Amino acid sequence: MSSILSEKLSCSVTCNSSSNTFCDGCGKSYCKRHSIKHQDRLIKQMEKVYLYHDQLQKLLFDDTKRISNHSLMKQIDDWEQQSINKIQQTAKEIRHQFKLAFTKYTIDMHETFRQISEQINKARLENNCIENDMKIWLEKFMELKKDYRTPKTINIRQDDYAHAFINKISIHHISIDTFHQSIGDIHSDDDIHKILHGPTSGDATIRGKQELFSGRYQFRFHIYQLGIPKWVFFGIISKNTALQSSLYKTPTVYGWAGHHQVWLNGNHHHQYDGFKCEMANQHIIELLIDCDQNKIQLTNETLAMTHEIDVSIIKCPFPWVLYIGLYGANDEIRLQLA
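The model shown is predicted, which means the values in this text are computed figures rather than measured ones.

### Overview of the overall build of the protein chain
On a plain count of helices and strands, the protein chain comes out with 3 helices and 19 strands. The C-alpha radius of gyration computed for the protein chain amounts to 41 Å, which surpasses the reference 20 Å derived for 338 residues by more than 25%, pointing to a less compact arrangement than a globule. Referenced to the eigenvectors of the C-alpha coordinate spread, the extents of the protein chain come out at roughly 130 × 60 × 35 Å. Burial statistics for the protein chain: of 338 residues in total, 34% are counted as buried. If you take every contact in the protein chain between residues at least 6 apart in sequence, the share linking residues at least 24 apart comes to 57%. Carbon and sulfur atoms make up 54% of the accessible area of the protein chain, which totals about 21,500 Å². A distance of 10 Å separates the average location of the 40 positive side-chain charges in the protein chain from that of its 39 negative side-chain charges.

Pasting the structure below:
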C-alpha cells in the first residue's frame, strides 16, 4: 500500500525527481513516474502469486490422477516391478530344477513299473496267477501312484525366517539308496532305510548299491542312535575296492567321521582343513556327492557347519558308492526322504 508524502523526499530510484509517494510494503519512496513502475511490478508479482495459487490448487484438489505420476509413487512402482522380476526369475529356476528332478524320479518309477509288468505278463502267459502275487502287485501299484503324486525324494522348502517379507523358496532332490556288502556286525533294513550296528562293538562297514559316476547326489542321514565312542563315518569308496571292516589304510576311502576326522584315500587326518565336528544323537547329516566336479561335501545341519574335500579320481576311480561305517553297539542311522 502506498501513501502521499507531505514532505518531499528524494526518489529511491536514482533520478533527479523528488518523491511524493511512499510504499508501505518495501518502505521506499518514489517519484510519480517510478511509483507507477513500482505498482506495475507489484501487479505482475501478484499475478504470479495467483498463477502459483491456481497451479497448487489444481495439484492438491482438482487433479487427483497426478498422484500416480508422483516421484515417490514412481519409486514404489519400480520396487514392485523389480520384486516381481526377482520372484518370476526364481520361480522359473525352481520350475526348471523340478522338471529335471521329477524326470529323473519318474525314470526310476518306469523301471519299477516295467519289472512289475514283466511279472504280470509272465503270469498271464503261464496262466499262473497266484492270489498272493496279485495282492503284492496291487500294493506296488498303489505305492507307485502315491509316489507319483507325492514324490519321496523331492520337496519344496521355504526358508523359515520370522521377519522375512517373502521367504525364499528352493527345491530339494534327495537321493536314496539301498545297501549291501557289509563287513562286521552291521546290517541294513532297506524298507525303512535303516543301517544298524549289532549288539557287539567293533569296526563295521556297509556299501550302497547305487553306482555314482556322473551328476550330483544329495543324501540326508538322521543319526538315530550313537553310543560310546560316538563314531560314525559318512563318505564314498571306489566300487571295485576290496571289502574291509576297518577304514584304516583302505584305499579309495574319502569322507568324514566323528572326533574331527577327515579321511583321504584311506588315511586319517585330524581337523583337516579346519574340520571340527563331533557327531551326536539326532544330528542331521547331508552328504553331497558331485561326480562332475570330483568333490564331496558334508553338512551337519544341526550344527550349521559345512566342509568340502576334493576327490582324486586317480586314487578313487569311478564308479563310486556310498560307504558307511559304525562302531558302537546298537548304533543306528537312517536315510531321510524329502
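### Quick notes on the pairing of strand S10 (residues 216-225)
In terms of burial, S10 is a largely internal element, 7 of the 10 residues being buried. Bridge analysis of S10 against strand S15 (residues 284-290) gives 7 bridges, and the strand direction is antiparallel. Within S15, the position partnered with Phe221 by the bridge is Ile285. Two elements, S10 and strand S19 (residues 332-335), share 4 bridges in a ladder whose sense is antiparallel. Within S19, the residue paired with Ile223 across the bridge is Ile333.

### Regarding helix H3 (residues 131-149)
Under the 1.5 Å per step criterion, the end-to-end length of H3 is 28 Å for 19 residues, consistent within 8% with the ideal 27 Å. Those residues of H3 that are buried are in contact with helix H2 (71-125).

### A look at the packing of H2 against H3
Helix packing geometry: the angle between the two helix axes and the distance between the axes. Contact geometry for H2 and H3: axes closest at 11 Å, N-to-C directions at 165°. Between H2 and H3, the angle is such that the two are roughly antiparallel. When the axes of H2 and H3 are compared, the crossing they make is left-handed. Residue-level inspection shows Phe102, Tyr105, Thr106, Met109, Thr112, Phe113, Ile116, Gln119, Ile120 and Ala123 of H2 in contact with H3, the latter providing Trp137, Lys140, Phe141, Leu144, Asp147 and Tyr148.

### Observations regarding the packing of aromatic side chains
This model, assessed by the stated rule, comprises 7 aromatic pairs. On the numbers, 5.3 Å between centres and 65° between planes, the contact of Phe102 with Tyr148 is edge-to-face. Of this pair, Phe102 sits in helix H2 while Tyr148 sits in helix H3, placing them 46 residues apart in sequence. Judged by its relative accessible area of 16%, Phe102 is buried. Ring geometry for Phe233 versus Tyr323: centroids 6.1 Å apart, planes at 75°, classification edge-to-face. Of this pair, Phe233 sits in strand S11 (residues 232-238) while Tyr323 sits in strand S18 (residues 320-326), and the two are 90 residues apart along the sequence. Assigned by exposure class, Phe233 and Tyr323 land together as buried. Taken together, the ring pairs in this structure connect Phe98, Phe102, Tyr105 and Tyr148 into an aromatic cluster.

### Structural notes on the sheet that holds strand S6 (residues 179-183)
Reading across the sheet, the 7 strands line up as S6-S9-S18-S11-S12-S13-S14 and stay open at both edges, with antiparallel pairing between neighbours. Unpaired on one side and paired on the other, S6 and strand S14 (267-270) mark the two borders of the sheet. Here the average twist between neighbouring strands, direction ignored, is 20°. Across 3 bridges, S6 lies against strand S9 (residues 204-208) in antiparallel orientation.

### Some words on the nonpolar core
Ranked by size, the top nonpolar core spans 37 residues in total, and within it Phe221, Phe234 and Ile289 carry the most contacts. Apart from residues no more than four positions distant in its own chain, Phe221 is found in contact with Phe234, His283, Ile284, Ile285, Leu287, Leu322, Ile324, Ile333, Arg334 and Leu335. The next biggest cluster of nonpolar side chains, apart from the first, holds 11 residues, and it includes Ile94, Ile116, Trp137 and Leu144.

### Comments concerning the side chain of Thr205
In this structure, Thr205 sits in strand S9. Only 3.4 Å separates the side chain of Thr205 from the side chain of Tyr323, close enough to count as a polar contact. Not counting residues up to four positions away in its chain, the partners in contact with Thr205 are Gln181, Ser182, Ile183, Ile186, Gln244, Ser245, Leu247, Tyr323, Ile324 and Gly325.

### A word on the sheet that holds S10
Whether parallel or antiparallel, the strands of a sheet pair through hydrogen bonds between backbone atoms. Spatial ordering of the open sheet is given by S7-S8-S19-S10-S15-S16-S17, a layout of 7 strands whose pairing is antiparallel. Two strands close off the open sheet at either side, each with one partner strand: strand S7 (186-189) and strand S17 (305-310). Neighbour to neighbour, the strand axes of the sheet diverge by 20° on average, direction disregarded.

### Concerning a nonpolar patch on the surface
Taken together, the side chains of Leu56, Leu59, Leu60 and Phe61 make up a nonpolar region of the molecular surface, amounting to roughly 450 Å² of accessible area. Mapped onto the elements of the fold, Leu60 is located in helix H1 (residues 32-62).

### Quick notes on the environment of Gly255
With respect to the element layout, Gly255 can be found in strand S12 (residues 254-257). The exposure class assigned to Gly255 is buried, which follows from its relative accessible area of 0%. For the pair Gly255 and Asp292, spaced 37 residues apart in sequence, the C-alpha to C-alpha distance is 17 Å.

What counts and what doesn't
Residues numbered from 1 in each chain as written. Predicted model: local features only at pLDDT ≥ 70, side-chain atom pairs only at ≥ 80, totals over all residues. Heavy atoms only, no water. Helix = DSSP H or I, 4+ residues; strand = E, 2+ residues; numbered from the N terminus. Rg over C-alpha atoms; globule rule 2.2 N^0.38 Å. Buried < 20%, exposed > 50% of the residue type's maximum accessible area, 1.4 Å probe, protein only. Contact = heavy atoms within 4.5 Å. Areas by Shrake-Rupley, 256 points an atom, 1.4 Å probe, with all protein chains shown as cover. Lys, Arg positive; Asp, Glu negative; His and termini not counted. Charge placed at Lys NZ, Arg CZ, Asp CG, Glu CD. Pairing = 2+ DSSP bridges. Expected span 1.5 Å × (residues − 1). Axes fitted to C-alpha atoms, helices over the stretch in contact; angles between N-to-C directions. Parallel < 35°, antiparallel > 145°, perpendicular 65-115°, else oblique. Left-handed = near helix turned anticlockwise from the far one by under 90°. Phe/Tyr/Trp six-rings, centres within 6.5 Å; stacked < 30°, edge-to-face > 60°. Core = buried A, V, L, I, M, F, W, Y, C linked by side-chain atoms within 4.5 Å. Polar contact = N/O pair within 3.5 Å; in protein donor to acceptor, adjacent residues only side chain to side chain. Patch = residues over 30% accessible without salt bridge, like charges linked within 9 Å, V, L, I, M, F, W, Y side chains within 5 Å. Salt bridge = Lys/Arg side-chain N within 4 Å of Asp/Glu carboxyl O.

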